[in-house]
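# Examining the three-dimensional arrangement
Here is how the chains run, residue by residue.
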Amino acid sequence: MRKELGIGIALAVSFLAVLGLMITPTFNGKSFIEYADKQFDAYAKHSSYFIPEIRSEAERFQSSIALEVDMKSEESARKTAMLYAGFAEQRGSKVFVSGKLSEILALALNDADKGYQNDEGYFKEKYGMSTREALYLWHTSLSSIAKNLEQQQRFEESLFIKTQVLMRALEPAYNFYGIEARPIDIVGGALLVFYVVYTLWWGFAIFFIFEGIGIKVTKPKSKKEV
């Protein structure tokens, strides 16, 4: 057996042995992979908090809107109208929204912030619905408003709703709900280093195995012009 093949097999076997350990429930009943995912989710949530700056930017949209949002069902329309408070009126399965855009967005951003903070009690007490249901209704209705504004050629307002309020405020609040935000620490740094090393570990195992069985990656010979 060639030396390279032996090294490659040793690296592959040890890689799989470590993988076996990582999928066993050794971290308070959870596997290392589950533990690491939870840590990375906490770090990701902390790095995706932009609501204060978005709220500040939203104040410049002092123009008013007056349009209908189709929520497809009367129940959804009723709940959506609750979110918009005095700026909305239910009309069957539709909600008529009118008022200053900055003030409407302030309501949405306030709820996004409460969702980000995992404040389920706030939503239960104020709306009688879960955090994720309220954030979903905000997302659905504001998506419709953004589309309507785009059709009116009010592109700046539409783009702000799509790229800031929806993507950077409501979506992180919804997707990371229930996770406690945490800035990256020494544990996070160690996890990142481990994943880089572990990825290279497998890469070198394959490299040495291929070398050992005689498969090499070489540059193609350049063709000489006649």
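The coordinates are above.
Description of the structure in this document.

Calculation rules
Residues numbered from 1 in each chain as written. Predicted model: local features only at pLDDT ≥ 70, side-chain atom pairs only at ≥ 80, totals over all residues. Heavy atoms only, no water. Helix = DSSP H or I, 4+ residues; strand = E, 2+ residues; numbered from the N terminus. Expected span 1.5 Å × (residues − 1). Buried < 20%, exposed > 50% of the residue type's maximum accessible area, 1.4 Å probe, protein only. Arc of directions from axis to C-beta. Contact = heavy atoms within 4.5 Å. Phe/Tyr/Trp six-rings, centres within 6.5 Å; stacked < 30°, edge-to-face > 60°. Pairing = 2+ DSSP bridges. Axes fitted to C-alpha atoms, helices over the stretch in contact; angles between N-to-C directions. Bend = angle between axes of the 7 residues up to and from the residue. Patch = residues over 30% accessible without salt bridge, like charges linked within 9 Å, V, L, I, M, F, W, Y side chains within 5 Å. Areas by Shrake-Rupley, 256 points an atom, 1.4 Å probe, with all protein chains shown as cover. Salt bridge = Lys/Arg side-chain N within 4 Å of Asp/Glu carboxyl O.

## A word on helix α7 (residues 131–151)
A turn of α-helix holds 3.6 residues, and therefore any two residues three or four places apart point the same way. With 21 residues, α7 extends 30 Å between its outermost C-alpha atoms, agreeing within 8% with the 30 Å of an ideal straight helix rising 1.5 Å per residue. Of all the residues in α7, the buried ones are Thr131, Ala134, Leu135, Leu137, Trp138, Ser141, Leu142, Ile145, Ala146 and Leu149. Each buried residue of α7 sits inside an arc of 165° when the element is viewed along its axis, so together they form one side. Exposed positions of α7 whose direction lies more than 90 degrees from the buried face are Tyr136, Lys147 and Gln151. Each element contacted by the buried residues of α7 is listed here: β1 (64–70), α4 (74–83), β3 (94–100), α5 (101–116), α6 (120–126) and α8 (155–175). Directly after α7, the chain includes glutamine 153, whose backbone phi takes a positive value near 65°.

## Notes on the packing of aromatic side chains
Considering all chains together, one arrives at 18 aromatic pairs under this definition. Taking 6.3 Å as the distance between ring centres and 40° as the angle between the ring planes, the aromatic pair formed by phenylalanine 123 and tyrosine 127 counts as tilted. You can call tyrosine 127 buried: its relative accessible area is 8%. When the ring of tyrosine 198 is compared with that of tryptophan 201, the centres are 5.7 Å apart and the planes differ by 85°; the resulting orientation is edge-to-face. Separated by three residues within a single helix, tyrosine 198 and tryptophan 201 lie in helix α9 (residues 186–212), roughly one turn from each other. Note on tyrosine 198: relative accessible area 7%, which makes it buried.

## So, the sheet that holds β1
One key point about sheets: their strands pair by backbone hydrogen bonds, in either a parallel or an antiparallel sense. Spatially, three strands are ordered β1-β3-β2 in an open sheet, and the strand pairing comes out antiparallel. Strand pairing shows two members of the sheet lacking a second neighbour, β1 and β2 (88–91), which therefore form its edges. Going across the sheet, the axis of each strand differs from the next one's by a mean of 15°, ignoring polarity. Here β1 runs beside β3; their pairing, made up of seven bridges, is antiparallel. Residue pairing across strands places serine 64 opposite lysine 100, the latter belonging to β3. Of the strands in this sheet, β2 and β3 touch α4, which is tilted by about 165° from β2. Of the strands in this sheet, β1 and β3 touch α5, which is tilted by about 115° from β3.

## What to know about unusual backbone geometry
Positioned with a positive phi, alanine 85 is a non-glycine residue whose angle comes to about 50°. Mapping alanine 85 onto the fold places it in the loop between α4 and β2. Look at asparagine 118: it is not a glycine, yet its phi comes out positive at around 60°. Of note, asparagine 118 is situated in the loop between α5 and α6.

## Focus: α8
Of all the bends in α8, the largest measures some 40° and sits at leucine 166. Considered for burial, the residues of α8 that qualify are Glu157, Ser158, Phe160, Ile161, Gln164, Val165, Leu166, Ala169, Leu170, Pro172 and Ala173.

## What to know about a nonpolar patch on the surface
Judged by side-chain polarity, Leu16, Leu19, Ile23 and Trp202 come together as a nonpolar surface patch covering roughly 360 Å² of accessible area. Tracing the sequence through the fold places leucine 16 in helix α1 (residues 3–22). Residue leucine 16 is classed as partly exposed on the basis of its relative accessible area of 48%.

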